[in-house]
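Examination of the molecular architecture
Residue strings, one per chain:
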Amino acid sequence: PSCGSVAILAQARGGADSELREEKAAMAVRLTYRRQCRYNTKGNKQRVLKTPGGKLVFQAVKKAAKGPSCGDCGKELIGLPRLRPMEYRRLKNREKRVSRAYGGSRCAKCVRSRIMRAFLIEEQKCVKQVLAEKMAQAKEPTKKGKK
């Protein structure tokens, strides 16, 4: 109904001004999308903005970026920007990683544990080799004594 008919309806119900104001406030402004996608999809989110002229218009909202995370523990990596995948491709290599081994892929804690694990495995191999040599030396004199 037009504004005149709304006023007539309000008067017929009792003529209260507050009811008339509520009826006018309930009438929403129709907004149209400013881009080509016409559907309310997750990639077509919009914000309602009021222009300096008082008009309400849609503003396209970008998707929120998740940001890089550690491949081992899944924790967010610090020192790297939270961008969408296409923006990551536009970055320089020095902006995509941290100056450390596995920088931009693993967090510092996981890198430390990897290095420790590799070191301990190498140490374990050395210890096994030394024990094997000692056992071999211990067996040799017994063989010579038997002859």
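Small disclaimer: the values here were computed from a predicted structure and weren't measured.

1. So, the overall build of the protein chain
The number of helices and strands found in the protein chain is five helices and two strands. When its helices and strands are written in sequence order, the protein chain yields α-α-β-β-α-α-α. In the protein chain, once contacts between residues fewer than 6 apart in sequence are set aside, the share between residues at least 24 apart is 24%. Counting every atom, the protein chain has about 12,900 Å² of accessible surface; 55% of that belongs to carbon and sulfur.

2. Looking at the nonpolar core
Within the largest apolar cluster, five residues are counted, these being Cys70, Leu77, Leu80, Cys107 and Cys110. Contact partners of Leu77, with chain neighbours within four places excluded, come to Pro68, Ser69, Cys70, Gly104, Ser105, Arg106 and Cys107.

3. Description of the pairing of strand E1 (residues 46–50)
Of the pairings in the sheet, the one linking E1 to strand E2 (residues 56–60) comprises five bridges and is antiparallel in character. The residue bridging Lys50 from the neighbouring strand is Leu56, located in E2. Hairpin geometry of E1 and E2 is characterised by an intervening segment of five residues between the two adjacent antiparallel strands and by a positive phi of about 95° at Gly54.

What counts, and where the lines are drawn
- Residues numbered from 1 in each chain as written.
- Predicted model: local features only at pLDDT ≥ 70, side-chain atom pairs only at ≥ 80, totals over all residues.
- Heavy atoms only, no water.
- Helix = DSSP H or I, 4+ residues; strand = E, 2+ residues; numbered from the N terminus.
- Contact = heavy atoms within 4.5 Å.
- Areas by Shrake-Rupley, 256 points an atom, 1.4 Å probe, with all protein chains shown as cover.
- Core = buried A, V, L, I, M, F, W, Y, C linked by side-chain atoms within 4.5 Å.
- Buried < 20%, exposed > 50% of the residue type's maximum accessible area, 1.4 Å probe, protein only.
- Pairing = 2+ DSSP bridges.

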